[in-house]
Structures are given as C-alpha cells and as structure tokens.
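Chain and residue survey
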Amino acid sequence: MKEEIYQTFCPGCGVGCGLYIREDPEGNTSVDFMKSSPANLGKLCRFGMKVPYHYSKARTMVTGSKADIEDAIKAAAHRMADADSVTMLSVGNTTSEEHMAFCRIAETLGTRVDTGVFPLPSQITSKCGSYPEGISLDEMEKAKRIALFLDPYVQYPLIVRRLLAAKRNGAGIVAVGTKELHLADETLDIGPDRYDELGLDDKSLIVADIHPNSDPVHVKQLLDLAGRCGAKIHFMQPFINSTGVNLALKANGSMMALAQIMEDIEAGNIRTLVTLDSDPVELMPDAAAAVETLKKLDNLIVISSRASPVTELADVVIATEPVYMKAGTFMNVEGRLQENSGSGVAGIDAMSLLNGELGGKRFDYQQLHYIFMKSIGDPGTDVGDVTADKAEQMECGSVDVDNAGSSVPEGMYQLKYLYNPFMWFDQKDDNDFVLIDRKLVKKLGLKKGGMVVLGSENGKMKMRYRVENIPGGMIMTAKKIPVATGPNTIISLEGC
Amino acid sequence: MVEIGDKVLGYATDPGIRNRGASGGMVTAILAAALERGLVDSVIVLRHINEYEAVPVITDDVDEVLASAGSMHTVPVNLAKYAAGRKVAMPGKPCDVRAVFEQAKRNEIDIDNTFIIGLNCGGTMHPVLTREMLVRMYEIDPEDVVGEKIDKGKLFFRTKDGEEKAIPIDDLEDAGYGRRESCRYCDVKIPVNADLACGNWGVIGELAGNATFCEVMNGKGVRLLENAIESGYVQIEPAGEQSIAIREKVNSAMLSLGEKWSARVFTEIPEEQRINYYMEQFADCIDCGACKEACPVCTCDEDSKCTMYHSLADDYKMSMYHMVRLLHLSDSCIGCGQCSDVCPVDIPVTSIFRRFADPAQKKHNYKAGMTLERPPFLEVMLK
Ligand SMILES: Cc1cc2nc3c(=O)[nH]c(=O)nc-3n(C[C@H](O)[C@H](O)[C@H](O)COP(=O)(O)OP(=O)(O)OC[C@H]3O[C@@H](n4cnc5c(N)ncnc54)[C@H](O)[C@@H]3O)c2cc1C
Ligand code: SF4
Ligand code: SF4
Ligand code: SF4
Ligand code: SF4
C-alpha cells in the first residue's frame with residue numbers, strides 16, 4: 001500500500017493554483033487542497049476540482065501505431081531534419097525547463113519557438129508593468145476603480161475573491177461588455193470610442209486577458225486607454241506557464257499568433273509543425289476547421305504529456321509524464337515562480353535525445369533550469385525585438401474585435417466565446433448551454449427548459465439556454481461549439 | 001492495568017519522540033505501537049512539508065508515524081475521510097472525531113476498526129494568513145519561526161535566534177488573523193467522543209510541556225494505551241486532582257469564549273430577510289463543488305442529491321445545490337470550517353451552514369458527531 005502525493009499546480013490557467021495530486025497504487029488520481037499555497041490558499045475553481053480528468057495519458061506513437069520512445073524520437077528527428085523549415089509551438093502548458101529544452105531544439109534547427117500569441121506592443125512592459133512579468137494579485141485588492149474586460153466568474157474564477165476584497169476596500173467595479181456581474185457596481189455595454197466614460201485614473205486597474213485568440217486591435221485599444229488615463233493593466237493569461245514562456249521569449253523565441261500559424265499551414269507556407277503540450281485543435285475556436293488544416297501538414301510531431309485531439313492526428317507522438325509528475329517550475333500571472341515536487345524528467349530526456357539526433361548538444365534538467373533562471377534573471381529588461389510595435393500593423397485577421405455588435409446584420413446575433421479553462425482544453429463540463437438576453441425569451445417565444453437553434457455557415461445546432469442580462473444582440477457560451485467559426489461568430493437564432 | 005475513565009499523564013519513553021512531540025510525544029508513541037503490534041493495518045498522520053504545511057498520509061511505515069510528531073496549528077485539515085474503509089489508528093481534533101462519527105453513521109467508516117486518539121483543540125489557523133500575520137503584526141520573518149504555542153490567551157512565536165514574541169489572541173482575531181472563524185465558535189474542545197482524549201491542559205509542574213493529559217474514554221482507548229505501555233513505547237502516571245481541575249477550568253473558559261464568539265457571529269436575522277440573506281450570501285458562488293468535496297461528513301458520491309438536481313443552465317437565484325445541501329447537512333454539519341477554507345470566492349460557507357443547521361440540531365437536542373447512539377434525525381442510520 002503506497003500512495004504517492006505530489007505538490008503541484010493546476011494546469012487550468014495562469015493563476016497557477018497550488019494543489020496536491022494523490023495517486024493511489026492503482027494509478028487513480030484525486031485532488032487535495034494545498035492551503036499553504038499563496039496564489040490560492042488551497043482554493044480551487046471548478047476546473048481545479050476536476051483536474052484528474054485533465055491528465056489523460058498520451059501514448060508514444062509513430063504513424064498511428066504504438067512505438068517505443070527511441071523509435072519515436074528517431075522518426076521525429078528524421079522528419080525534422082528533412083524538412084525545409086520547422087515551426088515550433090509551445091503556449092505554456094508545461095514546465096519552464098521543458099520549454100527551454102524545446103527552445104534548445106529550435107536553436108539546433110536554426111528556428112525559434114512560437115507561443116501562439118501575437119507580437120505584443122512594447123508599451124505593455126514599459127507603461128503597465130504587468131506583462132509579461134505579471135503583477136501581484138494583491139495589487140488588485142488595492143485598486144480604487146477596476147474596469148473588467150472579462151467575466152471573472154467563468155474565465156478566471158480565482159480572481160473573484162481578489163475583486164471582492166477590492167470592493168470591501170472601497171473600489172468601484174465596472175464591467176465592460178460582459179454579462180451583468182454580481183460583483184460589479186455597473187455593467188456598461190460600450191465600445192472603445194466611449195472608454196473615457198469609464199472614469200479611470202492612475203489609481204485604477206484594467207483587468208483583461210491575452211490569449212492565442214485575443215484581438216490585437218482590442219489589446220491596443222486597452223493600452224491606449226491605460227496610456228491616456230494612467231491606469232495599470234493586469235492581463236490574465238490562460239496557461240499555467242504563459243508568463244514563464246513569455247519571459248523566456250526574450251532570449252529564445254517569438255510570438256506568432258496561432259491564427260497566423262494556422263493560416264500559413266493552410267497556405268502551404270508551413271509544412272512541418274512540432275508542438276510541445278499545445279494542441280491547435282483545442283486552442284482554435286473552430287475545432288473541425290483546425291483538424292482539416294492540420295491534415296495539410298507533411299509532418300506533425302507532437303510532444304505531449306496528455307492525450308488530446310492533436311495526438312490522434314500526429315505523425316509522431318512523443319509522450320511524456322503527466323505535468324504533476326514533472327520536475328520543474330512554472331511562473332504564474334503574478335510572476336511567482338512555483339516549483340513542482342515531482343522528479344520526472346522523461347520529457348526532458350526525450351527532448352535531449354531528440355536534440356542529439358538532430359546534431360545538437362544533449363542537456364539535462366539542471367542545465368535547463370539554470371538557463372531558464374538566467375533568462376528571467378532581469379525581468380525588468382525590455383523584451384526588445386520580438387515585442388516591436390507590430391500590433392499596430394496587425395489586421396484583425398480571423399479574430400474579431402471583442403466588443404463589436406455594430407456590424408451584426410439585422411436579425412442576426414453575435415455569439416461570443418467566454419474563454420475558460422474547460423474551453424482551452426475542450427474538457428467536458430456541465431456547460432452545454434448559451435446565455436441569452438432576457439428580451440429574447442419573449443421575442444423567440446421560449447419556454448422554461450426549452451432549447452434554441454443556433455445557425456452559422458458551419459451548420460445548425462440545438463442548445464439549452466440560460467437567461468442573463470447581457471449586451472443586446474449578443475449570445476455567449478462557455479463551451480466550444482461547432483457553429484462557432486471564431487471567438488465571435490455571427491449566428492442566427494430561433495426558438496424550438 | 002488501564003481502565004475506562006482513567007485520567008493519566010503520559011509521555012513517550014524514547015527521548016527523541018518525547019522531544020519532537022507537541023507535549024511528550026505520547027500520541028505519536030501510541031500510534032506507532034498500534035501499527036507495530038498489529039492493532040491496526042495503517043495509521044493516518046501528517047507529513048510535514050514545512051513549518052506551516054503538512055499533508056495527511058495513510059501509512060504502514062512506523063518511521064513515517066514517528067516523523068509526524070508535533071502539533072500543526074496552521075494545518076486546518078480534517079482527517080476523517082482518509083479513514084474510510086480501513087482498519088486504522090488516527091489522531092483527531094474534535095472536528096476530526098465528530099466527522100468520523102458522522103461517516104460511521106452512514107456506514108463509510110467501521111467505528112470498531114477505527115482507533116481515535118483525540119486531541120484537545122483550541123483552534124487552527126490558516127497557513128497563508130499566519131505568514132501574513134507574522135510579517136504585519138509580529139514583524140517576524142515567517143522563515144525564522146521554529147516554534148509556536150498558546151499560553152494564557154496569547155499566541156507565542158519563537159524564532160531561530162531564541163527570541164519569543166506574544167500577542168493576545170483577541171487582538172489578532174480583531175485584526176482578522178488568529179484562529180479560523182469556525183474555531184472561534186467551535187463548541188467541543190475536549191474530544192470526549194474519541195477513544196483517548198489527549199491534550200496539554202492540566203499538565204503542570206515538571207511535566208509541563210513534555211507530557212500529555214490523557215483520559216481513557218472507552219474499551220478501544222484501553223487497548224490503545226495498554227498496547228503502547230506493553231510495547232514499552234509509553235509511560236504513564238495518574239493525573240492529580242489539581243491537573244484534573246485545571247483541565248476542566250480551561251475547557252470551561254474556552255467553551256464560554258466560544259459562546260461569546262457564537263453570539264457575535266450569529267446575530268439574529270429577521271424572518272422576512274432570511275431568504276434574501278441566503279441568496280445574497282451565495283450570489284458569488286462559482287459552482288465549483290469544493291465545499292462538498294471538502295466536507296468531511298458528506299458521504300455522497302459525485303452524483304448525489306445536491307448535484308443531480310443542479311445544472312449550470314438553471315436560473316435559480318440560489319442554486320438547487322445549496323438548497324439541497326443546506327437541508328441535507330442540517331443533521332450532520334459539525335461546523336468544522338473545511339467548506340469556508342476551500343471556497344474560492346471566500347463565501348463564509350461554514351457560518352451559513354451552521355446558521356441553518358443549529359436551530360434544527362438544537363430543537364432535536366442533537367449534537368452531530370458525538371455518538372452513534374442517536375441516529376441522524378433526517379435519515380435512517382445504517383447498521
Ligand atoms: C491544532 C491543534 C490544537 C491543539 N490545541 C490544544 C489546546 O488548546 N489544548 C490542549 O490541551 N491541547 C491542544 N492540542 C493537543 C496538544 O497540542 C498535543 O497534540 C497533545 O497534548 C498530544 O501531545 P503529544 O506530544 O503526545 O502529540 P504528538 O506526539 O506530537 O502527536 C501529535 C499528533 O497530532 C497530529 N497532528 C498534528 N497537527 C494536527 C492537525 N492540525 N490536525 C490533526 N492532527 C494533527 C500529528 O500527525 C501527530 O500524530 C492541540 C493539538 C492540535 C493539533
Ligand atoms: S483553472 Fe485557474 S483558477 Fe481554476 S483552479 Fe486552475 S489555476 Fe486556479
Ligand atoms: S473546528 Fe473545533 S476542533 Fe476543529 S480545528 Fe477548529 S477548534 Fe479545533
Ligand atoms: S458543511 Fe462545512 S462546516 Fe459543516 S461539516 Fe461540512 S465542511 Fe464542515
Ligand atoms: S466552495 Fe464556494 S464557490 Fe464553490 S460551490 Fe461551494 S459556495 Fe460555491
């Protein structure tokens with residue numbers, strides 16, 4: 001009878017909540033509360049409570065058949081060495097040390113690692129001090145006025161208590177373009193042209209998020225707002241190590257939006273993609289379209305700690321141990337470096353072997369840890385080239401402005417994704433419903449417990465609904481659904 | 001010969017265990033003896049992570065038991081759930097013991113196979129808030145702390161350099177630190193429902209600080225203690241009149257302090273405002289289910305009454321989950337504080353549940369978790 005207990009962090013979002021994973025002798029896992037964890041005091045959201053479901057173990061495969069790890073590494077090396085160019089994606093779902101190992105492989109290949117987030121304007125680091133290093137969540141409690149550009153209850157639940165504390169400390173909270181939030185004093189459905197009405201000043205805080213499907217134009221609008229009024233911005237991030245990989249970027253990578261990568265695959269410009277714990281099928285708003293795009297690759301090589309749709313599609317899967325077992329560190333949205341108690345280095349050893357096969361140097365955990373610590377050694381330094389002001393040049397592309405509504409044709413609605421941990425990992429939850437505005441109930445003649453039919457160019461589907469006070473013409477959902485073509489989709493809506 | 005009702009002072013015979021123990025290492029020694037001599041298959045103890053954190057482990061390794069010596073006041077765990085389905089010995093604060101009884105009423109725990117060494121309890125503190133308190137109120141670096149104790153209403157911290165600093169607990173609690181809210185109004189301080197009831201109240205004179213006062217509550221208590229004495233792990237002597245009187249006096253003082261806190265927390269809410277009170281309290285709930293998962297008296301599975309009638313798609317102003325749980329736990333809530341501890345949006349779940357359960361439990365003259373003699377008043381007890 002031997003039970004293993006791991007001190008680790010929830011992989012659900014950038015808050016990086018501390019928890020214990022208990023693994024019984026049969027390998028079944030359960031969650032226990034780590035009350036001494038400063039980021040969350042042991043508290044966990046709905047996703048954290050269900051985290052054992054997340055650790056579905058990946059299997060090492062070559063062209064659809066089970067393989068041993070050495071053969072998979074050789075097959076991957078062969079494909080990577082033969083490719084004209086290799087694109088490498090790591091969004092921050094694993095340890096800093098594994099990310100550094102991935103960067104070493106990129107170096108050997110003469111390429112770089114992309115994080116899937118668009119290039120960030122340099123003003124983020126210089127003016128707001130909150131990104132990529134993060135600011136302490138304690139700071140949130142001290143703000144005098146807070147403008148929320150996200151729904152904390154659904155998207156980043158562990159900041160709800162911070163916002164409530166801010167409120168107890170006298171802060172006024174305004175929610176912008178979201179559903180009515182109980183903790184907000186007011187909810188405003190306004191566009192960027194009216195942001196000055198928010199009444200923010202240098203004691204205020206803007207809370208928004210940056211993720212692979214964020215709209216760069218909207219981020220720019222928020223930065224402009226902060227610039228005008230002197231408010232700080234706290235950008236939440238969706239992955240356990242988003243902050244770590246962003247910081248490591250200074251030395252090791254770039255930020256190419258995931259949508260851009262997918263467009264380049266579609267156009268045939270990218271023919272070999274290597275991913276590290278990053279699944280474009282889960283990450284892209286339209287899963288079916290993402291699958292079709294990935295099928296166009298010559299080589300899809302997946303290094304992953306968990307089974308997910310991309311491991312089904314890959315030419316080679318190099319399976320690593322579950323994240324909770326790994327030796328390594330993660331940096332949360334506050335810039336807090338947190339260390340796993342696990343000692344697993346299977347992922348690092350596999351990447352070391354892969355690097356060796358590619359003609360590069362072998363490495364070990366200690367070296368990578370040292371390199372990571374060195375790369376974040378001076379968090380104040382500007383991110384330099386990679387954060388050049390490209391956001392200003394960026395088009396919306398496949399990503400729509402977050403708070404639109406004006407461009408929605410008469411009689412149609414805007415379906416907005418409320419990104420949340422379940423959505424990023426396409427993990428099952430009790431969330432198969434849409435939020436609709438009260439006025440629609442009458443208009444569509446809906447009955448209690450009934451359904452609505454959503455329609456888009458992707459087809460039609462029925463869904464349950466919940467009534468909320470939400471901006472006019474908008475439908476929201478916290479579940480990834482097939483009718484969506486992006487984070488915001490124009491849809492039709494009927495009662496049934 | 002040990003007999004039911006004996007009140008003794010005892011300590012571990014091994015000087016190492018005695019030194020590392022909270023007050024004489026007797027509890028650790030009894031647990032180790034129970035495991036070593038096959039009275040139980042495994043023991044539940046805390047594995048220390050650092051000065052402020054420990055995690056419960058179920059172990060059959062005597063060394064792990066010995067390493068767990070010491071009271072962790074900043075580890076507000078509940079150990080009851082770990083005992084389910086095992087032949088086990090465990091230490092237990094009153095809330096641990098009460099939860100074991102509630103589990104036993106529902107056949108999750110076999111009380112005959114569960115040996116409980118009760119620990120008197122003045123309360124536990126939250127680890128993160130304690131660190132914050134050390135910096136803000138004591139002006140001590142939490143990493144420098146090597147020990148802590150409660151004496152004469154003050155909380156003392158000792159640092160590496162041998163210095164000691166004390167602040168009255170009342171002052172700490174007024175500033176929002178100190179014991180968790182549930183501990184302030186907790187109404188069982190000596191676990192008389194355990195097999196042995198151990199604590200440092202009443203240990204006086206030369207033995208103060210290195211022996212434990214132990215009351216033998218039942219036959220299992222006799223077996224535990226005799227087993228430890230026979231194996232040479234523990235030495236005891238009868239407790240004197242003065243010791244017994246002091247223990248009683250401190251217990252009464254703590255209980256009346258608890259009553260004062262109770263009056264402070266549970267102010268009357270006019271009947272017409274009650275429904276609004278409950279709805280408003282739960283308005284920020286994010287439906288994480290942690291309060292159910294952490295609840296040591298809840299024996300339901302993932303699919304249970306409170307979850308089956310609840311859907312995120314519902315429009316209820318207060319979820320079915322809470323409505324069902326409030327009712328369902330009204331005959332079993334022991335006020336252990338676990339639900340408040342884990343609530344990610346800081347809802348004072350324990351106080352809300354106690355407010356709901358208390359009138360019903362009082363009306364039935366029923367204190368949850370104290371005995372198997374009284375079945376739960378809402379349910380049939382499984383035998
Ligand atoms: C939180 C707490 C508060 C207490 N308050 C009082 C009090 O006010 N008055 C009083 O007379 N006695 C109190 N005690 C009991 C006292 O501190 C000693 O535990 C008791 O006298 C036995 O001493 P010992 O040396 O024999 O125990 P030890 O040999 O040191 O064994 C202690 C055992 O307690 C377990 N333990 C430690 N911390 C916890 C915890 N947080 N929850 C559950 N189990 C734990 C350990 O795993 C170990 O098995 C308290 C104990 C605890 C844990
Ligand atoms: S998903 Fe985020 S907020 Fe929820 S438990 Fe995990 S890290 Fe914490
Ligand atoms: S609830 Fe009671 S028994 Fe439990 S830790 Fe608090 S004071 Fe101790
Ligand atoms: S409802 Fe809360 S206070 Fe009551 S027994 Fe359960 S966890 Fe403890
Ligand atoms: S722990 Fe808190 S947020 Fe979670 S379900 Fe319970 S009351 Fe709601």
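Residues numbered from 1 in each chain as written. Chains lettered and ligands numbered in written order. Predicted model: local features only at pLDDT ≥ 70, side-chain atom pairs only at ≥ 80, totals over all residues. Heavy atoms only, no water.

1. Here we look at the site of ligand 2
So the rule is basically this: By convention in this text, a residue qualifies as near a molecule or strand provided that one of its non-hydrogen atoms is within 4 Å of it. Three residue categories are used. Nonpolar comprises Ala, Val, Leu, Ile, Met, Phe, Trp, Tyr, Cys and Pro, charged comprises Asp, Glu, Lys and Arg, and polar comprises the others, including Gly.
The local shell around ligand 2 consists of Cys 10, Gly 12, Cys 13, Gly 16, Cys 17, Leu 44, Cys 45, Phe 47, Gly 48, Leu 158 and Pro 421 of chain A. Residue classes in the shell around ligand 2 are distributed as 8 nonpolar, 3 polar and no charged.

2. A look at a negative patch on the surface
Applied cut-off: Without a salt bridge and with relative accessible area above 30%, a residue can belong to a patch; like charges are then joined within 9 Å and nonpolar side chains (Val, Leu, Ile, Met, Phe, Trp, Tyr) within 5 Å. Per-residue and other accessible areas follow the Shrake-Rupley method at a 1.4 Å probe size, with only the shown protein chains counted as cover for residues. By definition here, a salt bridge exists when the distance from a side-chain nitrogen of Lys or Arg to a carboxyl oxygen of Asp or Glu is within 4 Å. As used throughout, the charge tally considers Lys and Arg to be positive and Asp and Glu to be negative, leaving His and the chain termini uncounted. One atom stands in for each charge, and that atom is NZ of Lys, CZ of Arg, CG of Asp or CD of Glu. Going along the chain from the N terminus, every DSSP run of H or I of four or more residues is numbered as a helix, and every run of E of two or more is numbered as a strand.
A cluster of like negative charges, contributed by Glu 108, Glu 293, Asp 301, Glu 302 and Asp 303 of chain B, occupies part of the molecular surface. Along the chain, Glu 108 of chain B turns up in the loop between α4 (94–105) and β5 (114–119).

3. Things to note about the packing of aromatic side chains
Residue and element names in this part refer to chain A. Stated formally: Aromatic pairs are defined between Phe, Tyr and Trp rings, using the six-membered ring for Trp, whenever the two ring centres lie within 6.5 Å; interplanar angles under 30 degrees are classed as stacked, those over 60 as edge-to-face, and all others as tilted.
Counted under the stated rule, the structure contains 14 aromatic pairs over all chains. With centroids separated by 5.2 Å and ring planes inclined at 70 degrees, the aromatic side chains of Phe 149 and Tyr 195 adopt a geometry described as edge-to-face. One end of the pair, Phe 149, is in the loop between β8 (145–148) and α6 (152–155); the other, Tyr 195, is in the loop between β10 (186–188) and β11 (204–209), and 46 residues separate them in sequence. Members of the aromatic cluster, each reached through a chain of ring pairs, are Phe 239, Tyr 417, Tyr 419 and Trp 424.

4. What to know about the environment of Ile 204 of chain B
All names here are of chain B. So the rule is basically this: Any two residues whose heavy atoms approach within 4.5 Å at even a single point are treated as in contact.
Its place among the elements puts Ile 204 in the loop between β9 (196–199) and β10 (212–216). Between the C-alpha atoms of Ile 204 and Leu 9, which are 195 residues apart in sequence, the distance is 9.8 Å. The residues touching Ile 204, leaving out its near neighbours within four places in the chain, are Gln 242, Ser 243 and Ile 246.

5. A look at the site of ligand 5
As a structural note, the neighbourhood of ligand 5 is formed by 13 residues, with Cys 285, Cys 288, Gly 289, Cys 291 and Cys 343 of chain B the closest of them. In the shell around ligand 5, the residues fall into 10 nonpolar, 2 polar and 1 charged.

6. Focus on the pattern of salt bridges
To be explicit about the condition: Partly exposed residues are those whose accessible area sits between 20% and 50% of the maximum for their type, while under 20% is buried and over 50% is exposed, using a 1.4 Å probe and protein chains only.
A complete count under the given rule lists 51 salt bridges over all chains for this structure. Ionic pairing is found between Arg 22 of chain A and Glu 3 of chain A, a salt bridge with its closest N-O pair at 3.0 Å. You can see Arg 22 of chain A sitting in strand β2 (residues 18–23) and its partner Glu 3 of chain A sitting in the segment before β1 (4–9), a full 19 residues away along the chain. Its salt-bridge partner being Glu 98 of chain A, residue Lys 326 of chain A comes within 2.9 Å of it at the nearest N-O pair. Here Glu 98 of chain A lies in helix α3 (residues 96–109) and Lys 326 of chain A lies in the loop between β16 (316–319) and β17 (329–331), a separation of 228 residues in the sequence. Assigned by exposure class, Lys 326 of chain A and Glu 98 of chain A land together as buried. In the salt-bridge network here, residues are joined through shared partners; they are Glu 102, Lys 105, Arg 106 and Asp 331 of chain B.

These figures capture arrangement, not role.
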